Amino acid sequence: MPDRLTEHRLERRSVRGLPVLDRPLVMGVVNVTPDSFSDGGRFRGPEDAVAHGLALLAEGADLLDIGGESTRPGATRPLVSEELARVIPVITALAEDGALVSVDTMRAEVADAALDAGATVVNDVSGGLADPDILRVVADRDAAYVAMHWRAHADTMQQRASYADVVTEVCEELRRRVDAALEAGVAPDRLVVDPGLGFAKTADHNWELLRRLGELDVLGLPVLIGSSRKSFLGALLADDEGRPRPVLDREDANVALTTLAGLLGVWAVRVHEARAGVDALKVVARWQGRAEFGRSGAAGKVGEDE
Ligand code: PMM
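For the structure given in this document, a descriptive report is provided here. This one's a predicted model, so the numbers in the text were calculated from it and none came from an experiment. (Residues numbered from 1 in each chain as written. Predicted model: local features only at pLDDT ≥ 70, side-chain atom pairs only at ≥ 80, totals over all residues. Heavy atoms only, no water.)

## Quick word on the overall build of the protein chain
The secondary structure content of the protein chain amounts to 10 helices and 10 strands. Residue burial in the protein chain is summarised as follows: out of 306 residues, 54% are buried. Expressed as a percentage of contacts within the protein chain between residues at least 6 apart in sequence, the contacts between residues at least 24 apart total 71%. Accessible surface for the protein chain amounts to roughly 13,000 Å². Of this, 51% is attributable to carbon and sulfur atoms. (Helix = DSSP H or I, 4+ residues; strand = E, 2+ residues; numbered from the N terminus. Buried < 20%, exposed > 50% of the residue type's maximum accessible area, 1.4 Å probe, protein only. Contact = heavy atoms within 4.5 Å. Areas by Shrake-Rupley, 256 points an atom, 1.4 Å probe, with all protein chains shown as cover.)

## Let's talk about the environment of Pro244
Here Pro244 shows up in the loop between helix H8 (231-236) and helix H9 (251-264). Sequence separation between Pro244 and Gly234 is 10 residues; the distance between their C-alpha atoms is 4.7 Å.

## Structural notes on the packing of aromatic side chains
Summed over the entire model, instances satisfying the criterion amount to one aromatic pair. Ring geometry for Trp207 versus Phe232: centroids 5.0 Å apart, planes at 70 degrees, classification edge-to-face. Remark: Phe232 occurs in helix H8 and Trp207 occurs in helix H7 (residues 203-211); sequence separation between them is 25 residues. Here Trp207 falls in the partly exposed class, since its relative accessible area comes to 33%. (Phe/Tyr/Trp six-rings, centres within 6.5 Å; stacked < 30°, edge-to-face > 60°.)

## Comments concerning the pattern of salt bridges
The final tally for this structure, using the stated rule, is 21 salt bridges. For Arg13, the salt bridge goes to Asp217, with nearest N and O atoms at 2.8 Å. With Arg13 in the loop between helix H1 (4-7) and strand S1 (19-20) and Asp217 in the loop between H7 and strand S8 (224-225), the pair connects residues that are 204 residues apart, well separated along the chain. Between Asp239 and Arg243 there is a salt bridge; the shortest N-O distance is 2.9 Å. Given a relative accessible area of 33%, Asp239 falls into the partly exposed group. Through salt bridges with shared partners, a single network forms among Asp165, Glu208, Arg211, Arg212 and Glu215. (Salt bridge = Lys/Arg side-chain N within 4 Å of Asp/Glu carboxyl O.)

## Description of H9
Over its 14 residues, H9 extends 20 Å from the first C-alpha to the last, a length consistent with the 20 Å expected when each residue adds 1.5 Å. Buried residues of H9: Glu251, Ala253, Asn254, Val255, Leu257, Thr258, Ala261, Gly262 and Leu264, and no others. Phi turns positive one or two residues past the end of H9, at Gly265, with a value near 95 degrees. (Expected span 1.5 Å × (residues − 1).)

## Topic: the pairing of strand S5 (residues 121-124)
The two faces of S5 match: Val121 and Asn123 on one face and Val122 and Asp124 on the other face are all buried. With four bridges joining them, S5 and strand S6 (residues 144-148) adopt parallel strand pairing. Across the sheet, the residue bridging to Val122 is Tyr145, located in S6. (Pairing = 2+ DSSP bridges.)

## Some details on the sheet that holds S6
A sheet is described by the order of its strands in space; here eight strands give the open sequence S7-S6-S5-S4-S3-S2-S9-S8, paired in parallel fashion. In this open sheet, the two edge strands, each paired with only one partner strand, are strand S7 (191-194) and S8. As paired strands, strand S3 (residues 63-67) and strand S4 (residues 101-104) are joined by four bridges and run parallel to one another. Paired with Leu64 across the strands is Val101, a residue of S4. Against the sheet, helix H3 (residues 80-96) makes contact with S3 and S4, and its axis sits at roughly 160 degrees relative to S3, the strand it touches most. Sitting on the sheet, H9 is in contact with S8 and strand S9 (268-271), with an inclination near 170 degrees to S9. (Axes fitted to C-alpha atoms, helices over the stretch in contact; angles between N-to-C directions.)

## Things to note about the nonpolar core
With 74 residues, the main nonpolar core has Ile66, Ile91, Val122, Tyr145 and Ile225 as its most contacted residues. It is helix H6 (residues 166-184) that provides the largest number of residues to this core, a total of seven residues. Sequence-distant contacts of Ile91, defined by excluding residues within four places in its chain, comprise Ile66, Val101, Val103, Ala114, Ala117, Gly118 and Ala119. Residues Leu25, Val121, Ala144 and Val146 belong to the second largest nonpolar core, which totals 13 residues. (Core = buried A, V, L, I, M, F, W, Y, C linked by side-chain atoms within 4.5 Å.)

## Regarding the packing of helix H5 (residues 133-141) against H6
Viewed as axis vectors pointing N to C, H5 and H6 meet at an angle of 50 degrees, and their least axial separation amounts to 8 Å. With respect to each other, H5 and H6 are oriented oblique. When the axes of H5 and H6 are compared, the crossing they make is right-handed. Residues Leu135, Arg136 and Ala139 of H5 touch H6, and the partners they reach there are Arg177, Ala180, Ala181 and Ala184. The class makeup of the residues in the contact of H5 with H6 is five nonpolar, no polar and two charged. (Parallel < 35°, antiparallel > 145°, perpendicular 65-115°, else oblique. Left-handed = near helix turned anticlockwise from the far one by under 90°. Nonpolar A, V, L, I, M, F, W, Y, C, P; charged D, E, K, R; others polar.)

## Section: the environment of Asp48
Mapped onto the fold, Asp48 is located in helix H2 (residues 46-59). Through-space distance from the C-alpha of Asp48 to that of Val32 is 9.2 Å; in sequence the pair is 16 residues apart.

As structure tokens, then:
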């Protein structure tokens, strides 16, 4: 009997201009926000955020995702000027240091300024729904683009967590976002999709998406997932009184999840701590016979997809 876990796998795909390794890429999160659920307020000034980004790179992260807007359920939106003031100095400094940078934004204006400051990837959790102009910016600049599945802003998104079949609907809704991006002129070989774990989704929805992750292959694009520190892991690991496991104590479970996602063929994982995830993905690559002994990861870099 075929193994349900690996029966449906994602084909290994790459993104033009981004590294091609023998394992999925690891995107390290640098949230420059006063209120992110996972690390909000930890990096008060740009110096702290830059130092954290450099530490993630030292741990083995392949690219850094810099965000200035919290998407925690119930969060209120910052002004554009606030978001710019938070992310641009950090992107500038990290890009000058040679880091590969992604900007986590839903706003065209912020994406444009971030690309000017040295970002290479636009990670848009709204997949172009929050500010459709962002697709034109990405197209004009030939940037790489992550289109995440999204239904509404953080203040109302959990009211939209209703699906007849979450995997089918997420695929259909992502397909429409991909079509909109292509119509705006975004290059097909610069596109990535993300099922948006926790965005208008209950814990059960997230687990169903993970269990059937291989079905996202119908979109024919690289897949990124972001599970790190999210509340469905806190609920899974709740104590006997039902209290969720604290945010910073969910890392081991996330490494298990990263391992399984690597086995299923994701293109990249978005994580708050890089080292354990990189290690796990090296194990997967070696297990599957893709990595030479001791050479998985940066040292085993296969090349850039130009
Ligand atoms: N999750 C968050 C923010 N940005 N981007 C992508 N592509 N995928 C995600 O799952 C995702 C994201 C929320 O988590 P955070 O507050 O820890 O950044």
